[in-house]
Amino acid sequence: MNSISPSAVSAQEQAICEFQSFFPGLKSRWMAQAPGRVNLIGEHVDYNGGIVLPAAIDFYTTLVAAPIDRPEWVVRTAFDPEVEVSIPVESPVDKSGPYWTTYLRGVLNYYLESGWDIPGLKIWIQSNVPTGAGLSSSAALEVGAACLIEAATGRAMELQEKALLCQKAENVYAEAPCGFMDQFASAMGKKDHFLKIDCRDQKVEPIPMVDPEWELWIVHSGASHSIATSEYGKRRADCEAACEILGISSLREITPKKLSEALQNPGLNERVARRVKHVVTEIERADAAGEALRHSQWKTLGSLMRASHQSMRDDYEITCEEVDWMVEQIEKLPGTLGVRMTGGGFGGCVIVVMQADHLEMARGQLAEWFESRYSKALQSWTTRPVEGAQSRIIDEG
Ligand code: GLA
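The model shown is predicted, which means the values in this text are computed figures rather than measured ones. (Residues numbered from 1 in each chain as written. Predicted model: local features only at pLDDT ≥ 70, side-chain atom pairs only at ≥ 80, totals over all residues. Heavy atoms only, no water.)

Participant: Help me out: how do you make sense of the site of the ligand in this one?
Facilitator: Every one of the 13 residues lining the ligand counts as a neighbour, but Glu43, His44, Asp46, Asp182 and Tyr232 are closest to it. Between the ligand and Arg37 there is a distance of 3.0 Å, counted from an oxygen atom to a side-chain nitrogen or oxygen. Separating an oxygen atom of the ligand from a backbone N or O atom of His44 is a distance of 2.7 Å. With the chains in place, 98% of the 310 Å² that the ligand exposes on its own is no longer accessible. (Near = heavy atom within 4 Å. Polar contact = N/O pair within 3.5 Å; in protein donor to acceptor, adjacent residues only side chain to side chain. Areas by Shrake-Rupley, 256 points an atom, 1.4 Å probe, with all protein chains shown as cover.)

Participant: Is there a simple way to think about helix α6 (residues 230-246) in this case?
Facilitator: Since one α-helical turn is 3.6 residues long, residues separated by three or four positions face the same way. Its 17 residues give α6 an end-to-end C-alpha distance of 24 Å, which sits within 8% of 24 Å, the value for a rise of 1.5 Å per residue. The complete set of buried residues in α6 reads Tyr232, Arg235, Arg236, Asp238, Cys239, Ala242, Cys243 and Leu246. Along α6, the residues classed as buried sweep out an arc of 150 degrees about the axis, all on the same side. Against the buried residues of α6 lie α7 (259-263) and α8 (270-294). After α6 finishes, the residue Gly247 shows a positive phi value of roughly 70 degrees. (Helix = DSSP H or I, 4+ residues; strand = E, 2+ residues; numbered from the N terminus. Expected span 1.5 Å × (residues − 1). Buried < 20%, exposed > 50% of the residue type's maximum accessible area, 1.4 Å probe, protein only. Arc of directions from axis to C-beta. Contact = heavy atoms within 4.5 Å.)

Participant: It is not clear to me how helix α11 (residues 359-374) should be interpreted in this structure. Could you clarify?
Facilitator: With 16 residues, α11 extends 22 Å between its outermost C-alpha atoms, agreeing within 8% with the 22 Å of an ideal straight helix rising 1.5 Å per residue. Here α11 has its buried residues at Leu359, Ala362, Leu366, Ala367 and Phe370. Axial view of α11: buried residues confined to an arc of 130 degrees, hence all on one face. In this structure, α11 carries Glu360, Met361, Glu368 and Ser372 as exposed residues pointing more than 90 degrees from its buried face. Of the surrounding elements, those touching the buried residues of α11 are β9 (214-220), α10 (321-332), β11 (349-355) and β12 (380-383). Phi turns positive one or two residues past the end of α11, at Ser375, with a value near 50 degrees.

Participant: Could you clarify how one ought to interpret the pattern of salt bridges in this entry?
Facilitator: Note on pairing: side chains with opposite charge can pair once their charged atoms come close. The full count for this structure, using the stated rule, is 26 salt bridges. Linking Glu84 and Arg76 is a salt bridge whose minimum nitrogen-to-oxygen distance equals 3.7 Å. By relative accessible area, Arg76 is classed as buried at 15%. Note that Glu282 is salt-bridged to Arg340, the shortest N-O span being 3.6 Å. Separated by 58 residues along the polypeptide, Glu282 in helix α8 and Arg340 in strand β10 (residues 336-341) bring together distant segments of the chain. A relative accessible area of 0% places Glu282 in the buried class. Of the residues examined, Arg340 reaches a relative accessible area of 0% and is grouped as buried. (Salt bridge = Lys/Arg side-chain N within 4 Å of Asp/Glu carboxyl O.)

Participant: Would you explain the sheet that holds β9 in this entry?
Facilitator: Think of a sheet as strands paired side by side through backbone hydrogen bonds, with each pair either parallel or antiparallel. On the basis of which strands lie adjacent, the open sheet formed by four strands has the order β10-β11-β9-β12 and antiparallel pairing. Single-partner strands in this sheet number two, and they are β10 and β12. Looking at each pair of strands side by side, their axes are set apart by 20 degrees on average, direction ignored. Relative to β11, β10 runs antiparallel, the two being bridged by five bridges. (Pairing = 2+ DSSP bridges. Axes fitted to C-alpha atoms, helices over the stretch in contact; angles between N-to-C directions.)

Participant: For this particular structure, what's the right way to read the packing of aromatic side chains?
Facilitator: Aromatic rings in a pair are described by how distant their centres are and how their planes are angled relative to each other. One pass over the structure, following the stated rule, counts 13 aromatic pairs. Aromatic side chains Tyr110 and Tyr173 sit 5.9 Å apart centroid to centroid with 90 degrees between the ring planes, which places their arrangement in the edge-to-face category. Of this pair, Tyr110 sits in helix α2 (residues 101-113) while Tyr173 sits in helix α4 (residues 159-173), and the two are 63 residues apart along the sequence. An identical accessibility class is assigned to Tyr110 and Tyr173; each is buried. Ring geometry for Phe370 and Tyr374: centres 4.9 Å apart, planes at 50 degrees, overall tilted. (Phe/Tyr/Trp six-rings, centres within 6.5 Å; stacked < 30°, edge-to-face > 60°.)

Participant: Which parts of the structure should I look at to understand the side chain of Ser138?
Facilitator: On the secondary structure map, Ser138 appears in helix α3 (residues 137-153). Residue classification places Ser138 among the buried positions, given a relative accessible area of 17%. Residues in contact with Ser138, not counting those within four places in the same chain, are Tyr103 and Glu170.

Participant: Is there a simple way to think about the environment of Arg105 in this case?
Facilitator: Mapped onto the secondary structure, Arg105 falls in helix α2. Residue classification places Arg105 among the buried residues on the basis of a relative accessible area of 3%. Separated by eleven residues in the primary sequence, Arg105 and Asp94 place their C-alpha atoms 7.1 Å from one another. Not counting residues within four places of it along the chain, the set of residues in contact with Arg105 comprises Val85, Ser86, Ile87, Val93, Asp94, Lys95, Ser96, Gly97 and Tyr173. Within the local environment of Arg105, its side chain forms a polar contact with the backbone oxygen of Asp94, the two atoms lying 3.1 Å apart.

Participant: Could you clarify how one ought to interpret unusual backbone geometry in this entry?
Facilitator: When glycine is set aside, most residues are seen to have a negative phi, and most peptide bonds are trans. For the peptide bond that leads from Ser91 to Pro92, omega is -5 degrees, which places it in the cis range. Positionally, Pro92 belongs in the loop between β5 (85-88) and α2. Its identity as a non-glycine residue notwithstanding, His44 has a phi of 60 degrees, on the positive side. Structurally, the position occupied by His44 is in the loop between β1 (30-39) and β2 (51-52). In this structure His44 comes out as buried when scored by relative accessible area, which is 4%. Even without being a glycine, Glu317 presents a positive backbone phi close to 50 degrees. Inspection of the secondary structure puts Glu317 in the loop between α9 (298-314) and α10. Residue Glu317 is classed as partly exposed on the basis of its relative accessible area of 35%.

This is how it looks when you write it as structure tokens:
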């Protein structure tokens, strides 16, 4: 594995030890590790053929496995330590079992459907990607499982195809109607870079962010996020309804210049019109933010982030009281360049671009405000973009 971060290495070492204690007497042979992601800007536009700007971050789902001589996956995990799950390696893969297994089952199913010959395995899974935070713990599990299959078979799928397979697993098996941004970021992340992904043609362009003056600070709002909730699906449905009324196949077809004309279409009700406005303006902002990042135009980036948050709050209505409160407080802190909710929404985290030398003061102040409002401790992390998912052989066997 190249450019691997120290926290990735320590998670690997820990996972090998856990494997040994859960499966005594068996020698671990393969390891796969996939990161979560944060999105700088471009929210709810991936499924509208838009532009997004995520990065893989230094939180990982780590899987360790050894072969067994029957067609079955025997899975143990830190998120459900009492349970041992058995998944027959046969197509179509059964959908039942604890919810977290749906991600594995989906990925396994679509590799089998693609004709891959997949061995029986004993698998240990652990993760330090915060759950309910909007940081793509699900994509990390899917992409990690895909990489484990690749390590165990000695084959590799092309990265975009792999990410799309993982998205399908989430759509069909976990029944979460997500786009593909998270899986692309987890699979293709690049150290010290954001990925500008054009979801219309699936083109991925890394843009560096290496200026030591700025820190990426991720702050949990305290409200839990889930995209399996019906609201995410309702936003998608509004976008599809708008396309039908406007006679287009994707909202990407509406250029910023044509937006006001589109919004005057009498078929669009007030709510759907606001959804369209968010999507079209957010795509424009994400595109501009990519350029701002490339040319170190920090002020521009900050104002685009602010406008993005307002649009998510007022037009797309995917924020919530806790998230809006958090953004308002962070706006007041000296050193904040930009802050907005990140990820699917309805809770989860905000992303802050903060002047490095203000961070410590800001963190202390915010923790105080948060504790006095919610009587609980603030959770926040500084991070840097990392490499995407990797796998390796631990022991040739
Ligand atoms: C979730 C989904 C992504 C994307 C974001 C919102 O993370 O999994 O596909 O739609 O929400 O930008």
